[in-house]
Amino acid sequence: MARHVQSLAELEVLCNQLYEGTDLAQRMQAEKVLLELIDSPECLSQCQLLLEQGTTSYAQLLAATCLSKLVSRTTPLPIEQRIDIRNYILNYVASQPKLAPFVIQALVQVIAKITKLGWFEVQKDQLIFRDIIADVKKFLQATVDHYIIGVMILSELTQEMNLVDYSRPSAKHRKIATSFRDTSLKDILMLACSLLKELLAKPLNLQDQQQQSLAMHLLKLVLNCLNFDFIGNSADESADDLCTVQIPTNWRTIFLEPETLDLFFDLYHSLPPVLSQLALSCLVQFASTRRSLFSNPERAKYLGNLIKGVKRILENPQGLSDPGNYHEFCRFLARLKTNYQLGELVMVKDYSEVIRLIANFTITSLQHWEFAPNSVHYLLTLWQRMVASVPFVKSTEPHLLDTYAPEITKAYITSRLESVPVVIRDGLEDPLDDTATVFQQLEQLCTVSRCEYEKTCALLVQLFDQNAQNYQKLLHSSSRNPLEITVQEGRLAWLVYLVGTVVGGRLTYTSTDEHDAMDGELSCRVFQLISLMDAQLPRSSNEKVELAILWFLDQFRKTYVGDQLQRTSKVYARMSEVLGITDDNHVLETFMAKIVTNLKCWGRCEPVISRTLQFLNDLSVGYILLKKLVKIDAVKFMLQNHTSKHFPFLGVNDNYSLSDLRCRTTFYTALTRLLMVDLGEDEDEFENFMLPLTVSFETVTQIFNNSFKQEEAKRMLIGLARDLRGIAFALNTKTSYTMLFDWIYTSYLPILQRAIELWYREAVCTTPILKLMAELLQNRSQRLNFDVSSPNGILLFREASKMICTYGNQILSLGTLSKDQVYPLKLKGISICYSALKSALCGNYVSFGVFKLYGDNHFDNVLQAFVKMLLSVSHSDLLQYRKLSQSYYPLLECLTQDHMSFITSLEPHVLMYILTSISEGLTALDTIVSSSCCASLDYVVTYLFKHIAKEGKKPVRCREISQDGQRLLHFMQQNPEVLQQMMSILMNTIIFEDCRNQWSVSRPLLGLILLNEKI
């Protein structure tokens, strides 16, 4: 007994260190010791000791956690032991209902796991684990505390049944979940609803904690029932707006009773906010019930009851002041339009009154922009879908959207403008900083704004003119109040975003010439603002206005510039009068002038530069646009003057962080596309274009040879590597790529090699250089298929081999790295090397046989570097880091397809490592990885089978060839479990799993089955 007490005291100390300790090392040590407890044979007795004699809640929590891990093991405990554990926990919580809530929750979770995993297990002709509901009913007949525990058990069981454990076969999970759905779930839902009715029938005492707790757990139980994955489609929870609840047909009676919906609306009105939001969450699911559950008259009646509930909530809106209630109600409204057509909604009895109430609620919500901003998405979704449905409504009943949609648009516009002074004066978080949310809302608004478009345009014109005039007055004022100017610029930024939005909305709504003319009116004002803002550069500027202008230009490009648009578009009528812009050629000139201005004046502002370059990149994609762009003077200027003197962001001084250099790749990709239009075979023009890079490389060469200012050389090389990668990416013809190769090969590749040798420890330097090499090795559009007399393919591969070998040998000298450093300092570089090597092996521009023939060891060296780097990486890291696995496995596929002689020559431990990596990759969720593993395995077993089939038939002269196959055969005979395990994995995947790449998985099966007989 003394020993037990001692061990109990030790365990309790460890629990406190784990759950309450502030010393990280102490906590990690406690966790390590307690993990050992789970694997020890005394785990069960120790858990019992902690539950029965533990003095703290944390000791009981530890016992529950250990039991949970114990019953969840892949190899299950004996059935008698699991029954004992379940009965023990049921008796334990029944005898101690006042335990801490988190302890009860953890113990209930153990019961749920035991029940789920033993759902089909039989003892004495009984499905022994299914009597849980009978056990729960005993709890429901006792005290309130027991009542709550009973509901918690049902709730946790429902949730556990719905939870997919990816470490187990998905088919087994679906079988258990389906059986639970068919045998128990409806009864649980009906029981929960009847208990909620009983609760509501009694006078509610909102101060009574027990009553509140009971109501909360009952509502959570109903919500878990309604959230159940009824048909096994594992819906993505993030796709909230697309969700339909696939209620089983035999539940119809519950949903057809009006009392069911009334119960939850009554609960919403009766309960405090923390609970009423759960009632609304249940109603969201009720509103999402699949349409096919009802006949047309039943659906109309059901929708009528939902709308009646909405009306009641909006007529008594006090509860919506709680953010949780407000958010769930917004979701509820969005689901109504997701699941029901506008034609059905307008037929509902109180539609006109309800749509008025919803419009007023939306307007009020938009005006209080600082309150629950994430909920606005659902309201805008509702209005967007309503307006988008207008052309398809056949009903004669008025939909009234032409009345309310302009009011919603106006409320959004005015509220955003009114938010600006409040944000600036009170130092609040600016909504414009969260561009993802702003763009999402604007995308929804563009559909709504096109309803009664004349009203939207008139409002925007009025507000734009008013704010632009005020801004000009402030600029010319002698006092020049900076705060007022900032406020005015903030308003103009919102207005430019809004104009871009409504112009972009032309694509999503039927448009007329009148609408195009209105777009012209609005666009004129933005182009005038561009001139006004650029005139102030570089003295004063506003980043938010610039980003808004770039958004507008991109929307205008998508809508009115391009191949599809007719030249007669009315958008240019007003623009030609005011600005002299008569067609898209003039617009392109304006675009390019703006791009050049930004690149000149915004060099130190990364967001503006990167967005400007993205815009330039988008412009440079279409061939017809490229032909127009190269005629523009601004483009000719850029092609001839891409230096830091004209474009400061190309500079490499200490004022720029190394990450700022990333945008240079985009710049040179776009610039090279423009150069390619008229380049042809003009080598002189290409040399002139490359002149700034030539000068930079010569400078680096001098630094290397003389003073060696390390930091300056490093910055210049990083910039050059990024520039050249952009150029190489855009050169998609053999002629143009050959020009780049001739320029870089003899003079500048050695410098990059030297940089890899010197700075292998610094990923910020090696990554751009390795990525450049990987890009040079890409045979995109057959650009590397050099002439038959050219050795360029082999020369390029030799340089790549040198670089990969140098990097591989140096990176392995770093030794063991910490978990947070291993990817950036080592694995990222290895993944790029593998990607580069794969491109070279699959590019079909090098005959690898010549290396051995002429005694050249570059090919052998790079393969040995591949092996050395691979052995320094653990199997878990191979699969954990996505970029690494997506470069390693396709490379392995290439090697097994074309270079089996290399694979068979490997040492047994290396071969075992590779085959184990294939085995582990077969079950990867990433289809690129699993498909490559299947293909690699197929090549290996095919090679082996062909070798066995031909063995004995070969003449003496073929013995050397057969030695490769003999080595592999001998290895497999020594380790027969390797292929057997892989066959087992593939069989399990095909039979039991939801296999997304069935064809790839089936490929190696025949070879494995045939070899299984022979090995």
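Residues numbered from 1 in each chain as written. Predicted model: local features only at pLDDT ≥ 70, side-chain atom pairs only at ≥ 80, totals over all residues. Heavy atoms only, no water.

**Q** Describe the state of the cysteines, listing the residues and the values that go with them.
**A** The full count for this structure, using the stated rule, is one disulfide. Each disulfide pairs two cysteine sulfurs, and for Cys 842 the partner residue is Cys 894, the sulfurs being separated by 1.9 Å. Here Cys 894 lies in helix H40 (residues 882-898) and Cys 842 lies in helix H36 (residues 819-842), a separation of 52 residues in the sequence. Left without a disulfide partner, Cys 451 is nearest to the cysteine sulfur of Cys 457, which lies 13 Å away. (Disulfide = S-S within 2.5 Å. Helix = DSSP H or I, 4+ residues; strand = E, 2+ residues; numbered from the N terminus.)

**Q** Explain the packing of aromatic side chains to me, and be specific about the residues and the numbers.
**A** Per the counting criterion, the structure on display carries 45 aromatic pairs. Ring geometry for Phe 527 versus Phe 556: centroids 5.7 Å apart, planes at 85°, classification edge-to-face. On the criterion of sequence distance, the pair formed by Phe 527 in helix H23 (residues 513-536) and Phe 556 in helix H24 (residues 543-560) is long-range, its members being 29 residues apart. Phe 527 gets classed as buried once you look at its relative accessible area, which sits at 4%. The buried category is assigned to Phe 556, whose relative accessible area is 0%. (Phe/Tyr/Trp six-rings, centres within 6.5 Å; stacked < 30°, edge-to-face > 60°. Buried < 20%, exposed > 50% of the residue type's maximum accessible area, 1.4 Å probe, protein only.)

**Q** Provide a residue-level description of empty space enclosed by the protein, including the pertinent values.
**A** According to the stated counting rule, one finds four cavities of 30 Å³ or more in the structure shown. Considered as a void within the structure, the largest cavity measures approximately 90 Å³ in volume. Lining the largest cavity are Ile 307, Leu 333, Leu 336, Leu 345, Tyr 351, Val 354, Ile 355, Ile 358, Leu 382 and Met 386. Secondary-structure elements contributing two or more residues to the lining of the largest cavity are helix H15 (323-339), helix H17 (351-367) and helix H18 (376-389). Here the lining of the largest cavity gets four residues from one element, more than from any other, and that element is H17. (1 Å grid on protein atoms, 1.4 Å probe; cavity = no way out; pocket = protein on both sides within 12 Å on 5 of 7 lines; lining within 4 Å. Points joined across faces, edges and corners; volume = space filled by probe spheres on them.)

**Q** Give a description of the environment of Ile 990 that names residues and reports values.
**A** Here Ile 990 lies in helix H45 (residues 977-992). Residues Ile 990 and Ser 1002, 12 residues apart in the sequence, show an inter-C-alpha distance of 7.9 Å. The contact partners of Ile 990, leaving out residues within four places of it in the chain, are Gln 998, Val 1001, Ser 1002 and Leu 1005. (Contact = heavy atoms within 4.5 Å.)

**Q** Talk me through a nonpolar patch on the surface; I want residue IDs and the actual numbers.
**A** The grouping of Met 987, Ile 991, Phe 992 and Ile 1009 at the surface amounts to a nonpolar patch, some 340 Å² of accessible area in total. Per-element accounting of the nonpolar patch gives the leading share, three residues, to H45. Within the fold, Ile 991 resides in helix H45. (Patch = residues over 30% accessible without salt bridge, like charges linked within 9 Å, V, L, I, M, F, W, Y side chains within 5 Å. Areas by Shrake-Rupley, 256 points an atom, 1.4 Å probe, with all protein chains shown as cover. Salt bridge = Lys/Arg side-chain N within 4 Å of Asp/Glu carboxyl O.)

**Q** Requested: an account of the packing of H23 against helix H25 (residues 571-579), with residues and values cited.
**A** For any two helices packed against each other, the geometry is given by the interaxial angle and the distance between the axes. In contact at an axis separation of 6 Å, H23 and H25 are set at 35° when each is read in the N-to-C sense. Our pair here, H23 against H25, has a crossing hand that is right-handed. Between H23, through Asp 516, Asp 519, Gly 520, Glu 521, Ser 523, Cys 524, Phe 527 and Gln 528, and H25, the contact on the second element is made entirely by Val 571, Arg 574, Met 575, Val 578 and Leu 579. (Axes fitted to C-alpha atoms, helices over the stretch in contact; angles between N-to-C directions. Left-handed = near helix turned anticlockwise from the far one by under 90°.)

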